[in-house]
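Reading the structure
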Amino acid sequence: MKMFVHHNPVELHFGPKSFEKVGILAGRYGKKALLVTGKQSMRKSGILDELERILGEAGIDSVIFDKVEPNPSYSTVEAGADTAISKKCDMVIGCGGGSAMDAAKAIAIASLNNKEISSFFEGETPSKAMPIIEITTTAGTGSEVDRYFVLTNPETKEKNATGFKCSYPAAAIVDPMLMKTMPPRLTAATGIDAFFHGLESYVSRLSTPISELYAKEAMRLIINNLYEAFRNGKNMEAREKMALASTLAGLAIDISRTTLLHALEHPVSGHLNAVHGEGLAALSLAYMEFTLPLCPEKFANVASLFGEDIDGLPEQEAAMKSIDGMKKFLRKFGMDIGLRELGVNEDMIDVFVEEAGKSPISKTNPRPASPADMREIYLKSL
């Protein structure tokens, strides 16, 4: 067994009604919170109003920054940091899906380090950040329990990921009751993102026995519960198990990162503003076919999780059954799609290969990928 180090400092509050604890948690850090969220859904669902109410009852003022777009940009983070500074906020509370939570981490850093957020994707290390509380309203990214955040350069459209000790949330709230209003397509897309967090962290070169346990349980829960959450969003048992799966997958990628699949997808959603989970679905089969020869035992285990019959099969054949399981799984949600359906054409692929190759997570894949390999995966995924 290889040597490893495990560290995750996030105080996790999980389960129904855990949302009600946000006032107590925020009270540890001051009297004024910057609430970082998207442009509409949190207000429409009533979650933002409820958050303001709970904080107000705890004696905490709210400053709302509701400018976060899907695939948030450097400029959005700079605007959020300016608001936090000018309003003299004591903490940042991210509320929403991965975009809002990632933006909250970046704003917390940009507010205290007197440098543009772009510098922290170019080798700079921040010395501090404002206290961060994350409240997830989707079962997808796991950003509430890891240090990483992904932002888009508005000039180049490149999506870049980074993370630091100071970008760990101080506390995370995972309340499945906040997820019951997610529409079916969003439920599927975020759930598939969480599945690939599990799969990629499981096969990653950085995996540990702990991350593998998190990852396998996350995949099992998603395979057994995502369709019910998609079909009947008011099924709170399915929602709760999906919330747990997403959190476990987030803990897994905090340890062992994602891999080549996420590196390949980021240019797709960065340039085309495509839904991240849909981009992953489109690329997944070619990615799995490319990667599995180097870790067939793990992909055979994934095939078993899908319920594929692998008894008596040679290891490589058993591993290939994971692709059959994935095809059937994606078909349940209408996510058996190609990149063309997301707006990708062959003319874009050279730029995508260049950007994916620069991503650190492309290096965590068990099978190294050359530019020609990445190009082939894109072409097979069209």
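Refer to the structure presented above.
The structure contained in this document is the topic of the report that follows. (Residues numbered from 1 in each chain as written. Predicted model: local features only at pLDDT ≥ 70, side-chain atom pairs only at ≥ 80, totals over all residues. Heavy atoms only, no water.)

Helix and strand counts for the protein stand at 14 helices and eight strands. Relative to the globule expectation of 21 Å for 382 residues, the C-alpha radius of gyration of the protein, 20 Å, shows essentially globular dimensions. Once the C-alpha set of the protein is aligned to its principal axes, its extents read approximately 65 × 45 × 40 Å. Summarising the internal contacts of the protein: among those between residues at least 6 apart in sequence, 79% fall at separations of at least 24. Here the protein displays about 15,500 Å² of accessible surface, and carbon together with sulfur accounts for 51% of that area. Averaging the locations of the 42 positively and 49 negatively charged side chains of the protein gives two centres separated by 3 Å. (Helix = DSSP H or I, 4+ residues; strand = E, 2+ residues; numbered from the N terminus. Rg over C-alpha atoms; globule rule 2.2 N^0.38 Å. Contact = heavy atoms within 4.5 Å. Areas by Shrake-Rupley, 256 points an atom, 1.4 Å probe, with all protein chains shown as cover. Lys, Arg positive; Asp, Glu negative; His and termini not counted. Charge placed at Lys NZ, Arg CZ, Asp CG, Glu CD.)

Looking now at the environment of Ser18. Within the fold, Ser18 resides in the loop between strand 1 (11-14) and helix 1 (22-26). Setting aside chain neighbours within four positions, we find Ser18 in contact with His13, Ile173, Val174 and Asp175.

So, about the packing of helix 7 (residues 209-231) against helix 8 (residues 236-256). Think of two packed helices as two axes; the pair is described by the angle between the axes and how far apart they sit. The geometry of helix 7 relative to helix 8 is characterised by a closest axis approach of 8 Å and an angle of 150° between their N-to-C directions. With respect to helix 8, the axis of helix 7 lies roughly antiparallel. As helix 7 packs across helix 8, the resulting crossing turns out to be left-handed. Contact residues: helix 7 offers Ile210, Ser211, Tyr214, Ala215, Glu217, Ala218, Leu221, Ile222, Asn225, Leu226, Glu228 and Ala229, while helix 8 offers Ala238, Arg239, Lys241, Met242, Leu244, Ala245, Leu248, Ala249, Leu251, Ala252, Ile255 and Ser256. (Axes fitted to C-alpha atoms, helices over the stretch in contact; angles between N-to-C directions. Parallel < 35°, antiparallel > 145°, perpendicular 65-115°, else oblique. Left-handed = near helix turned anticlockwise from the far one by under 90°.)

Looking now at the environment of Tyr168. Tracing the chain through its elements places Tyr168 in the loop between strand 7 (159-163) and strand 8 (171-174). Owing to a relative accessible area of 8%, Tyr168 belongs among the buried residues under this scheme. Of note is the side chain of Tyr168, whose polar atom sits 2.8 Å from the side chain of Asp254. (Buried < 20%, exposed > 50% of the residue type's maximum accessible area, 1.4 Å probe, protein only. Polar contact = N/O pair within 3.5 Å; in protein donor to acceptor, adjacent residues only side chain to side chain.)

In this section: the pairing of strand 4 (residues 91-96). Within strand 4, six of the six residues are buried, which leaves the element mostly enclosed by the surrounding structure. Burial along strand 4 is two-sided: Met91, Ile93 and Cys95 and Val92, Gly94 and Gly96, pointing in opposite directions, are all buried. Note: strand 2 (residues 32-38) against strand 4, four bridges, orientation parallel. In the sheet register, Leu34 faces strand 4, and the bridge partner there is Val92. In terms of strand pairing, strand 4 meets strand 5 (residues 132-136) through five bridges, oriented parallel. Bridging across to strand 5, Val92 finds its partner in Ile132. (Pairing = 2+ DSSP bridges.)

Counting buried residues along strand 2, five of its seven residues qualify, which places the element largely inside the surrounding structure. The pairing of strand 2 with strand 3 (residues 61-68) spans six bridges and is classified as parallel. Counted as the bridge partner of Leu34 is Val63 from strand 3.

The next subject is the packing of helix 13 (residues 349-358) against helix 14 (residues 371-381). One can describe the packing of helix 13 onto helix 14 by two numbers: an axis separation of 9 Å at closest approach and a directional angle of 125°. With respect to helix 14, the element helix 13 is oriented oblique. Between helix 13 and helix 14 lies a crossing of right-handed hand. Taken together, the residues of helix 14 that come into contact with helix 13 (itself represented by Ile349, Asp350, Phe352, Val353, Ala356 and Gly357) are Pro371, Met374, Arg375, Tyr378 and Leu379. For the contact of helix 13 with helix 14, the per-class residue count stands at eight nonpolar, one polar and two charged. (Nonpolar A, V, L, I, M, F, W, Y, C, P; charged D, E, K, R; others polar.)

Glancing now at the state of the cysteines. As used here, a disulfide is simply a covalent bond connecting the sulfur atoms of two cysteines. Within the structure shown, the criterion is met by zero disulfides. Counting only cysteine sulfurs, Cys89 is the nearest neighbor of Cys95, a cysteine outside any disulfide, at a range of 15 Å. A residue is classified by how much of its surface remains accessible, and Cys95, at 1% relative accessible area, is buried. (Disulfide = S-S within 2.5 Å.)

Let us now look at the packing of aromatic side chains. One pass over the full model with this rule turns up 13 aromatic pairs. With centroids separated by 5.4 Å and ring planes inclined at 20°, the aromatic side chains of Tyr74 and Phe121 adopt a geometry described as stacked. Of this pair, Tyr74 sits in helix 4 (residues 74-86) while Phe121 sits in the loop between helix 5 (98-113) and strand 5; the two residues are 47 residues apart in sequence, bridging distant segments of the chain. Under the relative-accessibility criterion, Phe121 is labelled buried at 19%. A connected cluster of aromatic rings, assembled from ring pairs, spans Phe195, Phe196, Tyr227, Phe230, Phe306, Phe329 and Phe333. The ring of Tyr148 is capped by Arg257, whose NZ or CZ atom sits 4.0 Å from the centre of that ring. (Phe/Tyr/Trp six-rings, centres within 6.5 Å; stacked < 30°, edge-to-face > 60°. Lys NZ or Arg CZ within 6 Å of the ring centre and 35° of its normal.)

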